[in-house]
Amino acid sequence: MRSIGVGLLTVSDTASHGLAEDKSGPTIQEIVKGQGSKFVCSEYVCVPDEISQIQSVVKRWTEQENIDWIITTGGTGFGVRDITPEAIKPLVEREASGLVHLLLSASLKHTPFAALSRPIAGTIGKTLVVTLPGSVKAVKENMETLLNAGLVEHAVELTRGGTGQQVHDEMAKDSGEKSRGLYHHHHHHHHTPQPRSTLSHDPSGPVSSRHRQSPYPLISMQEALQLIERNVHCLGIITRRVEYNLRGYVLAVDVSASQDVPRVPSTNVDGYAVRATDPPGVYKVLTSQIHSISQTVPPGSVFRVNTGGPLPIGSDAVIMVEDTRLVSTYKDSDGDLEGEEKEIEILIKVPEKENIRFPGTDVRVGDIVLQKGDIITSGGGEVGTLAFVGKKEVEVYRKPIVALLSTGNELIDLQNPVSHSGNDWGGIYDTNRPSLHAALEGMGYQVVDLGIVSDDVESHVAAIRRGLQSADILLTTGGTSMGPTDLLKPVIERHFNGTIHFGRVSMKPGKPTTFATIPYENSVKPVFALPGNPASALVTFYLFIVPALRLLGGWRKSQVQLPRVRVTDIVQLQSEIYLDPRTEFHRVIVSQGPNGLVATSTGGQRSSRVASLSGANGLAIVPPKTESSPLKLEVGSEVETVIIGEIQKLY
């Protein structure tokens, strides 16, 4: 196992003013260093007792490949400013209550005051996080406990997605056990189901030889998302011109200002550049037509300026148009100046620097205005910022091209209704391909439409090959279940040497959703096979495909999933929602009501009923049925909801 990267975060108002004040941080560094090559301290930062600053550092570190274990020290007690647990707990995805118990029980052996400590331990993504007290003595005691018997190494290996077998073997050697671990009978099931050998049925065999039960393990949605995150990686970096169509790209570098903005003194308002010493009175009006800004404005004159325009030499204030009065204009005999202002009266005296923007007051040269990983949205702010600092081109991560196809002899194209079934039955319109194409184009992705593919191996092979040649990710619908003509899994495994990472997910709708990768030339391309039922296809698109597309496009891992909100109640249910053993995603319309967000059911939720997504902007997450849960979800229940569209006002 490679060295474990440690991120060390000291939380202290005092130490944040200077690392010399930090005592516990250097203590941890020395302990880590004393472990030899097992650990390396990759980052060391001090922040004050502020939740936002603590969370900012932790979030950034969990996205770095070189940090496996985040240790915080300080802010875990009962003091008014001790807020480290409040900062860390909302970020933790899986709590490690055993580690918390271990730390407390070990510390209580030394002092009863350890009972006042509030440690947090758990994982955020693939990073282990542990909070320690701020005293040097407590830090030494806690680190000794954590490093005992390879505990942290084992935890990190599991968090990375491994089985921990290497640690088991080392422990077995130390204790004299045989490597097969005769006494290791724990049941923490810490490995996500991994692909085995070829599991799909052989399509060349008779129908009677097909599987009667799926060979693919039924995994949770969280496990499925982790497998996607582990196997989908961002594409290369390209240079794009800064234009309106830059939306949806992710910055691959920090963007800094190459010059001060503004570059020269300029005006905040429409008015006249004056000297602050000029008293109220009548003045001659100069403009760029008759006077260069590089020349000093002579006494008795003012220079007319428009908002954002530069000031002429010698002026040190700007008076607003509203604080002046027109005295005279140029006549016919004055040629091109006819009708222009000739004289104005200044009605008030303005102080020095009034209404002036000085060089660098907006942005100074070298200032970072956008950071690597920032998303260029359709709101216009990021494109405007790039233009504001004069950035004509910018390096971004390439957006994926999506190959899209539908499978099934029963399908006919809406615009070219030719039946593939070979019988008199007319077939059904292909709903998935146009609906997914619309969703993808709306998100700014280029789509390669591979059409409808017949239920035979040769057609599947040819279509997938075209997709691999023309796109970065393949998206198919249909052919994922248990039918003899459900060919995607066997074709991926047997004809493209692909790996099926998961073939079933415990969710409703969308159970047969499949994720695979196929080696192609010098890369590995992701393939998603979504269920053929229209509602299932769209629901799984938002839950799995959107995160995969964002990972390919360089989005931060913390941002790849669609946002979730809590709605106060679900209204207009046709009937109560009886809980299923699987997590259900109920299609709803989320609106802003007078007392918060409310969700209105779209009606019948059959997986074949695509109308359940018409107008829907949310997927209400109905929890799975358990021994302790109620049988059904009542009207008025509060639920977490995935937002897939714009929220409208209800009132």
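In this text the structure is predicted, and so the values were computed from the model without any measurement. (Residues numbered from 1 in each chain as written. Predicted model: local features only at pLDDT ≥ 70, side-chain atom pairs only at ≥ 80, totals over all residues. Heavy atoms only, no water.)

A look at the overall build of the protein
Which entries qualify depends on this criterion: Here a strand is any run of E in DSSP of at least two residues, a helix any run of H or I of at least four, and the numbering for each starts at the N terminus. When a residue's accessible area, from a 1.4 Å probe over protein chains only, is under 20% of the maximum for its type it is buried; when over 50% it is exposed; and in between it is partly exposed. Only heavy atoms enter the contact rule, under which two residues are in contact if any of them lie within 4.5 Å.
From N to C terminus, the protein includes 13 helices and 39 strands. Within the protein, the proportion of its 651 residues that are buried is 47%. By sequence separation, contacts in the protein at least 24 residues apart represent 73% of the contacts at least 6 residues apart.

Observations regarding unusual backbone geometry
Cis rather than trans, the peptide bond between V261 and P262 has omega equal to -5 degrees. Unusually for a residue other than glycine, K353 sits at a positive phi of about 75 degrees. Tracing the backbone through its elements, the reader meets K353 in the loop between β17 (341-346) and β18 (356-357). By relative accessible area, which is 52% here, K353 ends up exposed.

Focus on the nonpolar core
This is how the line gets drawn: Residues belong to a common nonpolar core when they are buried Ala, Val, Leu, Ile, Met, Phe, Trp, Tyr or Cys residues joined through side-chain atoms within 4.5 Å.
With 50 residues, the main nonpolar core has L475, F528, F541 and F544 as its most contacted residues. Listing elements by their share of this core, those giving two or more residues are α8 (221-231), β21 (401-407), α10 (432-442), β25 (473-477), β30 (523-530), α13 (534-552) and β36 (618-622). Formed by 24 residues, the second largest nonpolar core is a distinct cluster that contains L405, V457, V491 and I492.

Brief notes about a nonpolar patch on the surface
This is how it is decided: Put simply, a patch holds well-exposed residues, over 30% relative accessible area, that have no salt bridge, with like charges counted together within 9 Å and Val, Leu, Ile, Met, Phe, Trp or Tyr side chains within 5 Å. Surface exposure here means Shrake-Rupley accessible area, sampled with a 1.4 Å probe, where a residue is shielded only by the protein chains that are shown. Here, a salt bridge means any side-chain nitrogen of Lys or Arg that lies within 4 Å of a carboxyl oxygen of Asp or Glu.
Taken together, the side chains of F78, F113 and L116 make up a nonpolar region of the molecular surface, amounting to roughly 390 Å² of accessible area. Looking at where L116 falls in the secondary structure, it is placed in the loop between α4 (97-108) and β5 (121-124). Here L116 falls in the partly exposed class, since its relative accessible area comes to 44%.

Observations regarding the packing of aromatic side chains
Heads up, the rule is: Whether two aromatic rings pair depends on their centres lying within 6.5 Å, for rings of Phe, Tyr and Trp, where Trp uses its six-membered ring; planes under 30 degrees apart make the pair stacked, over 60 edge-to-face, and the rest tilted. Here, a charge over a ring means that NZ of Lys or CZ of Arg falls within 6 Å of the ring centre while also lying within 35 degrees of the ring normal.
This structure, assessed with the given rule, holds 5 aromatic pairs. Their ring planes at 25 degrees and their centres at 4.8 Å tell us that F515 and F528 sit as a pair that is stacked. Residue F515 is located in strand β29 (residues 514-520), and its partner F528 is located in strand β30; the two are separated by 13 residues in the primary sequence. Side by side, F515 and F528 carry an identical accessibility label, which is buried. A ring pair is formed by F541 and Y542, whose centres lie 5.2 Å apart and whose planes are at 75 degrees; its orientation type is edge-to-face. Since its relative accessible area comes to 14%, Y542 is described here as buried. A connected cluster of aromatic rings, assembled from ring pairs, spans F502, F515, F528 and F544. One cation-aromatic arrangement involves K399 over Y249; the distance from NZ or CZ to the ring centre is 4.7 Å. Taking NZ or CZ as reference, K399 lies 6.0 Å from the ring centre of Y445, over its face.

Topic: the pattern of salt bridges
Going through the model one piece at a time under the given rule, you end up with 20 salt bridges. Put simply, E341 and R304 hold a salt bridge, and the shortest N to O gap is 3.3 Å. Residue E341 is located in strand β17, and its partner R304 is located in strand β14 (residues 301-305); the two are separated by 37 residues in the primary sequence. Given a relative accessible area of 23%, E341 falls into the partly exposed group. Across the pair R433 and D430 runs a salt bridge, and its minimum N-O distance is 2.8 Å. If you follow the salt bridges from partner to partner, you end up with D413, D430, R433 and D449 in one network.

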